[in-house]
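Chain by chain, the residues:
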Amino acid sequence: MLARTVTHALVGLDARRVEVEAHLQSGVPAFAIVGLADRACQEAKERVRSGIASAELEWPLRRITVNLAPAGLRKEGSGFDLPIALSILAASGQIPRERLAEHAAVGELALDGRLRPVGGVLALAEAARQAGLSRILCAARSAPEAALADIEPVPLRHLAEAAAYLRGEGEPEPYVEGNGHRPAEPSLPDLADVRGQERARRALEIAAAGGHNLLLAGPPGTGKTMLARRLPGILPPLSTAEALEVTRIHSVAGMLAADRPLVTARPLRSPHYSASVAALVGGGSGPRPGEVSLAHRGVLVLDEFAEFQRPALEALRQPLADGVVSIARVEGRAVFPARFQLVAAMNLCPCGARGDPAAECKCSPQRLAAFRDKLSRALLDRFDLVVAMPRPRAVELAAAPSEASAPVRERVESAREWIESGRPQWSEEATELLDRAVERLPLSGRGRARSRRVAETIAALAAKPEIAAAHVAEALAYRSPRELGPS
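Cut-offs and rules
Residues numbered from 1 in each chain as written. Predicted model: local features only at pLDDT ≥ 70, side-chain atom pairs only at ≥ 80, totals over all residues. Heavy atoms only, no water. Helix = DSSP H or I, 4+ residues; strand = E, 2+ residues; numbered from the N terminus. Contact = heavy atoms within 4.5 Å. Areas by Shrake-Rupley, 256 points an atom, 1.4 Å probe, with all protein chains shown as cover. Lys, Arg positive; Asp, Glu negative; His and termini not counted. Charge placed at Lys NZ, Arg CZ, Asp CG, Glu CD. Phe/Tyr/Trp six-rings, centres within 6.5 Å; stacked < 30°, edge-to-face > 60°. Buried < 20%, exposed > 50% of the residue type's maximum accessible area, 1.4 Å probe, protein only. Lys NZ or Arg CZ within 6 Å of the ring centre and 35° of its normal. Patch = residues over 30% accessible without salt bridge, like charges linked within 9 Å, V, L, I, M, F, W, Y side chains within 5 Å. Salt bridge = Lys/Arg side-chain N within 4 Å of Asp/Glu carboxyl O. Pairing = 2+ DSSP bridges. Axes fitted to C-alpha atoms, helices over the stretch in contact; angles between N-to-C directions. Disulfide = S-S within 2.5 Å.

Participant: What is the right way to read the overall build of the protein from this model?
Facilitator: In terms of helices and strands, the protein carries 21 helices and 18 strands. Projected onto the principal axes, the alpha-carbon positions of the protein cover approximately 85 × 45 × 45 Å. Restricting the contact set of the protein to residue pairs at least 6 apart, pairs at least 24 apart contribute 74%. Here the protein displays about 21,900 Å² of accessible surface, and carbon together with sulfur accounts for 51% of that area. Between the mean site of the 62 positive side-chain charges and the mean site of the 58 negative ones, the protein shows a separation of 5 Å.

Here you go:
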């Protein structure tokens, strides 16, 4: 007596088809799971046994072998509970095998038979749809997420409900998109809260319009973090395709809110400077997305930038250059998208007094050199804009609120449309100025390319079809090493 249930295993963000085979034979009653299952998956034996009993279904007093095929693919997590239970019920003749074969299944079983949601349902549902299946059996709380994949979810609250549905004894309450109260989008911090710092505000607008990386440096209390956290508020909204990308990542990481299955706001991630390499770029025994992937299509704010571990900072270079994180393991390779805007904030020295005319820096040359050594030239070269933020004057702090985020966001959206409409034309003066800068400034090939992109963004913000020398001059002013202060 053999029965199969289709489900999927996650490898990074990819879902691989898995057939859960249950075989019953005569002999001393026993229950074994084979097929490279991790500990959480092996523990399904106890959850499935209790869940079937709680659903008032019959536990087969046979020798039960469950195989998760293909055997060479590692299976992780508790999402295999429901497929295992359904395969056993089908093999013992309690539900029809033909009806079960028309569905994919995923979900965790509680000991009382209730269905609990698991992470990665969106990716699993997409894979099921691509495999030609039209329905997926899942926990009721996972139904809104599964529906995003254009597959019909069968929302289940209990294993008994699943068995009754497959026997044709009743339909569970169907999922209807839009049911229930959808919470309002969280409000974002507004640029109107920032007083003074006009040059930094200008750099933030340029960064938003062109998707540039930004480094803010200066004494404590100058508004670096405050400004960095307001970047998402001036970015254009996510497109539908981008929202699905972000949702897929957050689903795999188990970070989707139950009442908000689709991520519609650009992510803002701000990890502590004690974060490890794996926490920042992803990793672990079963590779999971790190902060750079959770910030995909959004903003990664690294406050106290120079306090991060140097290996963690150097690990940022690959995702900043390629837009992806590739994690190799013995079992294979996991690839996570990581197209984010990096905004870093740092003091100019360990004590924080450097650059503040009202304070005296007491850092020794050796301590200052060790502080600066954490930031390699290759890493700093990946910042398009570097801005020194002086302490604001009293008159600036007492001034009326400055321009709010809404009009800035409108200019940013217009500039992005301008950039996407075609390549701008470069004037001879602008090209000559950029070429002279390569000869006179410590400007690498990457630095030249980034300065060129910044100049094009500045022209787009001004709605100018031609790149002028003034646009190049402003772009070069943001790459001056003097912004970080004298060494």
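Participant: What should I look at first to understand the packing of aromatic side chains in this one?
Facilitator: Counted by the stated rule, this structure contains two aromatic pairs. Each ring, one from F305 and one from F383, has its centre 5.6 Å from the other, and the planes form 85°; the classification is edge-to-face. A residue pair is termed long-range when its members are at least 10 positions apart, and F305 in the loop between β12 (299-302) and α13 (310-314) and F383 in the loop between α16 (377-380) and β16 (385-388) qualify at 78 residues. Accessibility classification places F305 together with F383 in one group, the buried group. A cation sits over an aromatic face here: R99 above Y165, 4.5 Å from the ring centre. Seen from the ring of W426, R452 lies directly overhead, with NZ or CZ sitting 4.2 Å from the centre.

Participant: Help me understand a negative patch on the surface in this model?
Facilitator: On the surface, a cluster of negative charge is contributed by E428, E429, E432 and E466. No other element matches helix α19 (residues 428-440), which puts three residues into the negative patch. Take E429: it is sitting in helix α19.

Participant: Just to check I follow, could you spell out the sheet that holds strand β11 (residues 268-269) for this structure?
Facilitator: Sheet strands associate in pairs through backbone hydrogen bonding, adopting either a parallel or an antiparallel arrangement. Pairing is parallel in the open sheet, where five strands are placed in the order β11-β12-β15-β10-β16. Whereas interior strands pair on both sides, the edge strands pair on one side only; in this sheet they are β11 and β16. Judged from the two bridges that link them, β11 and β12 form a sheet pairing that is parallel. Pairing of L268 across the sheet is with V299, part of β12. Packed onto the sheet, helix α8 (residues 198-210) meets β10 (214-217), β15 (341-346) and β16 and runs at close to 165° relative to β16.

Participant: In this structure, what is going on with unusual backbone geometry? I would like to understand it.
Facilitator: Excluding glycine, residues mostly carry a negative phi; peptide bonds, for their part, are mostly trans. A cis geometry characterises the amide bond from A69 onward to P70, with omega recorded as 10°. Within the secondary structure, P70 sits in the loop between β4 (63-69) and α3 (81-91). The residue A463 is not glycine, and still its phi comes out positive at about 55°. Here A463 lies in the loop between α20 (445-461) and β18 (466-467). Owing to a relative accessible area of 40%, A463 belongs among the partly exposed residues under this scheme.

Participant: I keep staring at the state of the cysteines and nothing clicks. Help me out?
Facilitator: A covalent bond bridging the sulfur atoms of two cysteines is what the word disulfide describes. Evaluated as defined, the whole model comprises zero disulfides. Just so you know, C361 is unpaired, no disulfide at all, and the nearest cysteine sulfur is the one on C349, 3.7 Å from it. Here C363 is not disulfide-linked; the sulfur of C351 is the nearest cysteine sulfur, at 3.6 Å.

Participant: How should the pairing of strand β2 (residues 14-25) be read in this particular structure?
Facilitator: Walk down a regular strand and you will see the side chains alternate between the two sheet faces. Relative to β2, strand β1 (residues 2-11) runs antiparallel, the two being bridged by ten bridges. The residue of β2 that forms the bridge with T5 is V20. Hairpin geometry of β1 and β2 is characterised by an intervening segment of two residues between the two adjacent antiparallel strands and by a positive phi of about 70° at G12. Pairing between β2 and β4: seven bridges, direction antiparallel. If you follow H23 over to β4, its bridge partner there is T65.

Participant: What is the right way to look at the side chain of H250 in this model?
Facilitator: Position of H250 among the secondary structure elements: in helix α10 (residues 240-252). On the accessibility criterion, H250 (9% relative accessible area) is buried.

Participant: So what exactly am I meant to see when it comes to the pattern of salt bridges here?
Facilitator: Once their charged atoms are close, side chains differing in charge can pair, the charge on each being opposite to the other. Tallied over the full model, the rule gives 27 salt bridges. A salt bridge links R4 to E19; its shortest N-O distance comes to 3.6 Å. Of this pair, R4 sits in strand β1 while E19 sits in strand β2, placing them 15 residues apart in sequence. According to the relative accessible area criterion, E19 is partly exposed, its value standing at 26%. Between R47 and D81 there is a salt bridge; the shortest N-O distance is 2.5 Å. Taken together, the residues R47 in helix α2 (residues 44-54) and D81 in helix α3 connect sequence positions 34 residues apart. Using a relative accessible area of 0% as the deciding quantity, one classes D81 as buried. Each member of the salt-bridge network shares a partner with another, and the members are R4, R17, E19 and E21.

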